[in-house]
Amino acid sequence: MRIANLSGRLVLIVDGKAVDVEQAGDGSFSADPQAIFEQWEVFRGWAAAANLPEGVDFDPAELGSPVPRPRQTLAIGLNYRGHASESGFTVPEGLPPVFTKFGTSISGPVTQVKLPAQGKTDWEVELVAVIGRYSENVPEADAWSHVAGLAAGQDISERVTQLVGPVPQFSLGKSYPGFAPIGPWLVTPDSFDNPDDLELRCSINGEEVQKGRTRDLIFSVPSLIAKLSAVLPLLPGDVIFTGTPAGVGLGRDPQRFLTPGDELVSVVEGIGELRQTFTA
Ligand code: ZN
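In this text the structure is predicted, and so the values were computed from the model without any measurement. (Residues numbered from 1 in each chain as written. Predicted model: local features only at pLDDT ≥ 70, side-chain atom pairs only at ≥ 80, totals over all residues. Heavy atoms only, no water.)

Student: If you had to explain the sheet that holds strand β14 (residues 199–204) to someone new, which residues and values would you point to?
Tutor: Within the open sheet, the five strands sit side by side as β8-β18-β17-β14-β15. Their pairing is mixed. In this open sheet, the two strands that pair with only one neighbour each are β8 (110–114) and β15 (207–213). Neighbour to neighbour, the strand axes of the sheet diverge by 15 degrees on average, direction disregarded. (Pairing = 2+ DSSP bridges. Helix = DSSP H or I, 4+ residues; strand = E, 2+ residues; numbered from the N terminus. Axes fitted to C-alpha atoms, helices over the stretch in contact; angles between N-to-C directions.)

In structure tokens:
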């Protein structure tokens, strides 16, 4: 099952077309995409059995984030060995570094993003997991049942702001407006042959810069849910950016950063793509 946010309204994506959930459900479900996670199990049951009307065509640029207003966004650093190495850090043990991307940075899948003046804005394609029910002290073996769905994400990162000061402060440099595109839709875990092994890649102006597989995550999605929910409850509709594989601009020699006019395309296997263009 795929759900999306079409012009601010919750839709099911069926055969590439959008079915309005509030209308198809005769008002049983809110049109607000963020509200659905509060009644996720009921919604899933309804969607599986419903006789849905024919959907409408849409332009991906009309999509917003399928999770527009999560109460908590947890983002994971250094979760692939190759990326930890290129960043000059050791591989985390026990707990990975965790930061947030503040709510105003979240956007839909197809956007224009203004580059901050510092000049060191970088790319990080990531798998995003969205929580589907209250999650506290979840055992790793049960963790997938707490995931509503998966999406592609870009953890766009301004490296000057991220690394300035006596200690790195990841959250701020990763939270400029539009720095957290999510989408193009949310795909339920049962839609994948193996949700623990998905290819992710991104390219700039057609040149591939990152390519990895989520089987190489140091902390898998279930492991992250177990470790994070042992510290704090994860709430329905919360977002986890799971970390990026090798190939970011900071780790290149010479380093490379996004420039005005660049088009960044980020793809996760079995989900779809994000498309960001950058302006000065
Ligand atoms: Zn990241």
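Here the narrative resumes.
Student: Please provide a residue-by-residue account of the packing of aromatic side chains, values included.
Tutor: Tallied over the full model, the rule gives eight aromatic pairs. Pairing F37 with W40 gives two aromatic rings, centres 5.5 Å apart and planes at 25 degrees, and the pair type is stacked. An identical accessibility class is assigned to F37 and W40; each is buried. Relative to F43, the ring of W40 has its centre 5.6 Å away and its plane inclined at 45 degrees; by these criteria the two rings are tilted. Of this pair, W40 and F43 both sit in helix α2 (residues 40–49), three residues apart, which is roughly one turn of that helix. Among the residues examined, F43 registers a relative accessible area of 0% and is labelled buried. (Phe/Tyr/Trp six-rings, centres within 6.5 Å; stacked < 30°, edge-to-face > 60°. Buried < 20%, exposed > 50% of the residue type's maximum accessible area, 1.4 Å probe, protein only.)

Student: Tell me about the nonpolar core, and name the residues and values.
Tutor: Judged by nonpolar contacts, the single largest core of 48 residues is most densely connected at L150, W185, I225, I240 and I271. Setting aside residues no more than four positions away along its own chain, L150 makes contact with L127, V128, A129, W144, W185, L186, V187, F192, P195, L198 and I271. Among the nonpolar cores identified, the runner-up in size contains 26 residues, and I36, F37, W40 and A151 belong to it. (Core = buried A, V, L, I, M, F, W, Y, C linked by side-chain atoms within 4.5 Å. Contact = heavy atoms within 4.5 Å.)

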